[in-house]
Amino acid sequence: MSAELAYLTDRLAPREEPAASVSPEGEHRRFERIVKRHHARLRRVAAGVLDERDRVDDVLQEAYLKAYRRLPSRFENEAHEATWLYRVVVRCCLDDLRRGRRRPQRAAVEPERLHAVGRDGLAPVVLDRAFRRLGAEDRAVLLLIELLGLDYETAASVLGARRGTVASRLNRARSRFRAALEAEGVRDGDR
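Residues numbered from 1 in each chain as written. Predicted model: local features only at pLDDT ≥ 70, side-chain atom pairs only at ≥ 80, totals over all residues. Heavy atoms only, no water.

**Regarding the packing of helix α4 (residues 78-98) against helix α7 (residues 136-147)**
Right, on to step 1. Where α4 meets α7, the axes come as close as 11 Å, and the angle between the chain directions of the two elements is 165°. Classified by the angle between their axes, α4 and α7 sit roughly antiparallel to one another. Remark: the crossing between α4 and α7 carries right-handed chirality. For the pair α4 and α7, the contacting residues are Leu-94, Leu-97 and Arg-98 in the first and Ala-136, Glu-137 and Arg-139 in the second.
Right, on to step 2. Split by residue class, the contact of α4 with α7 holds three nonpolar, no polar and three charged. (Axes fitted to C-alpha atoms, helices over the stretch in contact; angles between N-to-C directions. Helix = DSSP H or I, 4+ residues; strand = E, 2+ residues; numbered from the N terminus. Parallel < 35°, antiparallel > 145°, perpendicular 65-115°, else oblique. Left-handed = near helix turned anticlockwise from the far one by under 90°. Contact = heavy atoms within 4.5 Å. Nonpolar A, V, L, I, M, F, W, Y, C, P; charged D, E, K, R; others polar.)

In structure tokens form, the structure reads like this:
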């Protein structure tokens, strides 16, 4: 992971000159530290939103490049830093899907991630198939709130929507997920 970030940041020249007190190497190290803190969760979000597992690295690379180029000089706290990065990654994922880069076959989601989304006792492969039946926006809202535990305000900021819109999307996504589970043969008593 560190070698990937070093490669990316070495290739990039910031759009603006860094402040006199911050060297380009300092900015590279700062960006690398920020991404390292959040990379695992960002990867889980990208893997959940995207249809194809093999697109995750490409989209994350694109998101990290965008994030690096627009790196704020400072964040109020780590929560704001995380929200900003989630926003960049989710938007890059949704943009990738809109551009039609999807292939007909969908790759499986990382099974360990699905345990956090689903209920005890359900096989990961069943959860995966049901989760993949959902649209990208439904998967995104479920991942942000159910998996990552973001509050509605933070999820709204990430998704670029109002809090009430996020609540409505989450309600619809939960309903669609239940319907997808039923389509996979899972009944209410099984959950």
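Alright, that's what it looks like, and here's the rest.
**Some details on the side chain of Arg-30**
Right, on to step 1. By secondary structure assignment, the location of Arg-30 is in helix α2 (residues 24-49).
Right, on to step 2. With near-sequence residues (within four places) excluded, Arg-30 lies in contact with Leu-71, Pro-72, Ser-73, Arg-74 and Phe-75.

**Some remarks on the pattern of salt bridges**
Right, on to step 1. A complete count under the given rule lists 16 salt bridges for this structure.
Right, on to step 2. Between Arg-98 and Glu-137 there is a salt bridge whose closest N-O contact spans 3.8 Å. With Arg-98 in helix α4 and Glu-137 in helix α7, the pair connects residues that are 39 residues apart, well separated along the chain.
Right, on to step 3. Exposure remark for Arg-98: the relative accessible area of 57% places this residue in the exposed category. (Salt bridge = Lys/Arg side-chain N within 4 Å of Asp/Glu carboxyl O. Buried < 20%, exposed > 50% of the residue type's maximum accessible area, 1.4 Å probe, protein only.)

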